[in-house]
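# Overview (structure and organization)
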Amino acid sequence: MTRVAIIGAGFGGIAAAHLLRQAGFTELTIFERADDVGGVWRDNTYPGCACDIPAPLYSYSFALNPDWTRRFPPHGEILAYLRRCVADLGLTPHLRLGHAIAEARWTGTRWRLTGTDGEVEEFDVLVPALGQLSQPVIPRLDGAADFTGQAVHTARWDETVAVAGRRVGVIGTGASAIQLVPAIADAAASVTVFQRTPPWTLPKPDRRYGRVRRALNRRLPILMRAARAGTWLLTVVTGKAVTGNPLARLAVGTLSRAQRFAQARGLRAQVTPDYAMGCKRVLFTGNWFRTLRRPDVHLVTADVERLTPTGVRTTDGTEHPCDLLVYGTGFAATEFLTSLRVLGRDGLLLSDQWRDGAHAHLGIAVPGFPNLFLMYGPNTNTGNTSVVYFHEAQAHYIAQAVAAVRASGPLEVRAEVAADFDAEMQRRLSGSVWSGCDSWYRTGSGRIVTNWPGMAGEYRARTRHFHPTDYTSPTPAPPPPPPQAPPRPDRPLASGQRLSGQRAAASGQRPAASGQRPAASGNLTRP
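Okay, so let's go over this structure. From a predicted model like this one, the values you see are computed outputs, not experimental measurements. (Residues numbered from 1 in each chain as written. Predicted model: local features only at pLDDT ≥ 70, side-chain atom pairs only at ≥ 80, totals over all residues. Heavy atoms only, no water.)

## Side note on the nonpolar core
Put simply, the rule is: Within this scheme, the nonpolar core is defined by two criteria: the residues are buried Ala, Val, Leu, Ile, Met, Phe, Trp, Tyr or Cys, and they are joined through side-chain atoms within 4.5 Å. Throughout this description, buried means an accessible area under 20% of the type-specific maximum (1.4 Å probe, protein chains only), exposed means over 50%, and partly exposed covers the range between. Put simply, DSSP H or I for four residues or longer makes a helix, DSSP E for two residues or longer makes a strand, and each gets a number counted from the N terminus. The contact criterion used throughout is that any non-hydrogen atoms of two residues lie within 4.5 Å.
Membership of the largest hydrophobic core comes to 109 residues, with the highest contact counts inside it found for Ile6, Phe11, Tyr58, Tyr60, Trp157, Val168 and Val191. No other element matches the 13 residues that helix H11 (residues 387-408) contributes to this core. The contact partners of Ile6, leaving out residues within four places of it in the chain, are Gly13, Ala16, Ala17, Leu20, Thr29, Ile30, Phe31, Val127 and Ala129.

The following block contains the structure:
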């Protein structure tokens, strides 16, 4: 029986678990460090948190949801959807909640997982599904220890964070801040937004789905398929704009400029980006610019110099008083699997392998790490459509890979195959819009390790079939020799007589060669 360990119970881990079960793999365990499923939708609870991809596409094709109440649903609905998927798809018995994995080590035939509590367990296949948006980034600012107010990252928002009547400072103008600021402006005494670079935006065509729409979805599921297809076509247009189609880029860019012209009167100079559209994440909003124009909301474009006991000082010498400081500063998306120590064949550390930037064949398999298949790995993020679409493509591929492991034993992607794929990715990305500015898509050296360079349809086509010729069977490490017993002090040797076999080895003498080597059993004792 092939045992599979999945680490992470967000969209990626749930997709992998379901499609593996569909393929007949029932000996699987989903390890989740938190006490609930949901990934980023469990961790992010800040006011205004919602999806910025329409719900018909931001969901599994195998679990369409007739009960969305909005086109862009709030985080609570998405979390409820994932919980329901786990229950309805029969994954609850496979969950190991509140169980963080600290280390994964390849033994030569299996993966040995060690929890932070010291518990050890072995599996045939390892599927890390930790995501790219799980490690919040908080900038190191001078004076941070002196600030006497409350400070929180958007991904760590909880019920102790009070906004009403407080002077709130928000550092950052990315996807989280653009949702948070409009949501808290009414309750706060004032909001000061510290902007480093303005984002490109597009109108957010949100709408409510009423009871009639939801009832029709339940009676006629084809309506949900049609809505999904329509949303997909829209993302094809935005995808072509990002990947370089001139007409699509002109159309989408014109729409963005028109929104800024109509909604940002008096602020256009401050909110106009100076980089190509798509280089950083394009954000959907209907109320960002209007909120910035409120008299109690202040947009600051001077750089932050330091924190003071009572607020934020910027490089122009102005001090901005704050009672609550919110970091909308995103995630360490380029740092993959940093919470997990992974040791592959011959003790190779994955962090060493990725020192110059993460890379993996199809974003899934890494040379030197047999039977390890990544969900949402390097170069599988999308800048324009639903990442859930990519998750499903990866999960289908992984189910085929695990079937191959079951049939023929451990498999490891060939080094030359992975190297050719990585060279292709970096060549294509070097000429992409993402190479034109600093963003969370790139490492400090400039290597783009997050995004897929083409259209989503291309990725699905390339992961549709598992190709055994891309893989090889790793040579298992020889087992350690068994402890040798000392020779028994029986009758003394006659003159010229030689020790044989094991007694010779134990006494330090060399035994006669037999012409054969003992075969390794390959069996492991499960702890």
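## A few points about a positive patch on the surface
So the rule is basically this: A patch is a set of surface residues, each over 30% in relative accessible area and not in a salt bridge, joined within 9 Å for like charges and within 5 Å for the nonpolar side chains Val, Leu, Ile, Met, Phe, Trp and Tyr. Per-residue and other accessible areas follow the Shrake-Rupley method at a 1.4 Å probe size, with only the shown protein chains counted as cover for residues. The working definition used for a salt bridge is a side-chain nitrogen of Lys or Arg within 4 Å of a carboxyl oxygen of Asp or Glu. Counting rule for charge: Lys and Arg are taken as positive, Asp and Glu as negative, and neither His nor the chain ends is counted. In plain terms, the charge of a residue is placed at NZ if it is Lys, CZ if Arg, CG if Asp and CD if Glu.
A cluster of like positive charges, contributed by Arg265, Arg268, Arg290 and Arg293, occupies part of the molecular surface. Tracing the sequence through the fold places Arg268 in helix H8 (residues 268-271). Classification of Arg268 as partly exposed rests on a relative accessible area of 31%.

## A few points about the sheet that holds strand E2 (residues 28-32)
To keep it simple, the criterion reads: For two strands to be treated as a pair, DSSP must find at least two bridges joining them. In this analysis, axes come from line fits to C-alpha atoms, helices being fitted only over the stretch in contact, and the angle between any two N-to-C directions falls in the range 0 to 180 degrees.
The strand order across the open sheet formed by 4 strands is E3-E2-E1-E7, and the pairing between neighbours is parallel. Strands with a single pairing partner mark the edges of an open sheet, and in this sheet they are strand E3 (95-97) and strand E7 (125-128). With strand direction ignored, the average angle separating the axes of adjacent strands in the sheet is 20 degrees. Sheet analysis places strand E1 (residues 4-7) next to E2, joined by 4 bridges and oriented parallel. The residue of E2 that forms the bridge with Ala5 is Thr29.

## Observations regarding the layout of surface pockets
Left-over empty space is what a probe sized like a water molecule reveals as it rolls over the atoms. Going by this rule: Residues are said to line a cavity or pocket when one of their atoms sits within 4 Å of a point; the points come from a 1 Å grid over protein atoms alone, cavities being sets where a 1.4 Å probe fits but cannot get out and pockets being open sets with protein on both sides within 12 Å along at least five of seven lines. Grid points are joined across faces, edges and corners, and a volume is the space filled by probe spheres set on the points.
A volume near 440 Å³ is recorded for the second largest pocket. Pro54, Pro205, Leu234, Thr238 and Phe284 are, among the 23 residues lining the second largest pocket, the residues nearest its centre. Contributions of two or more residues to the lining of the second largest pocket are made by strand E11 (201-203), helix H6 (222-243) and helix H7 (246-263). The greatest single-element share of the lining of the second largest pocket, amounting to 7 residues, is contributed by H6.

## Here's the deal with the pattern of salt bridges
All told, the structure shown has 28 salt bridges when counted by the stated rule. The shortest N-O distance in the salt bridge between Arg306 and Asp146 comes to 3.7 Å. Taken as a pair, Arg306 in strand E14 (residues 304-308) and Asp146 in the loop between E7 and strand E8 (150-153) lie far apart in primary sequence, 160 residues in all. For Arg306, a relative accessible area of 25% translates into the label partly exposed. Of the charged contacts in the structure, one is a salt bridge between Arg294 and Asp186, with a shortest N-O distance of 2.6 Å. Linking Arg294 in the loop between helix H9 (288-292) and strand E13 (297-300) with Asp186 in the loop between helix H4 (177-184) and strand E10 (190-194), this pair joins segments that are 108 residues apart in sequence. Looking at Arg294, the relative accessible area reads 26%, which means it is partly exposed. When salt bridges with common partners are traced through the structure, they connect Arg3, Arg96, Glu119 and Glu121 into a single cluster.

Scope: geometric values only; no functional claims are made or implied.
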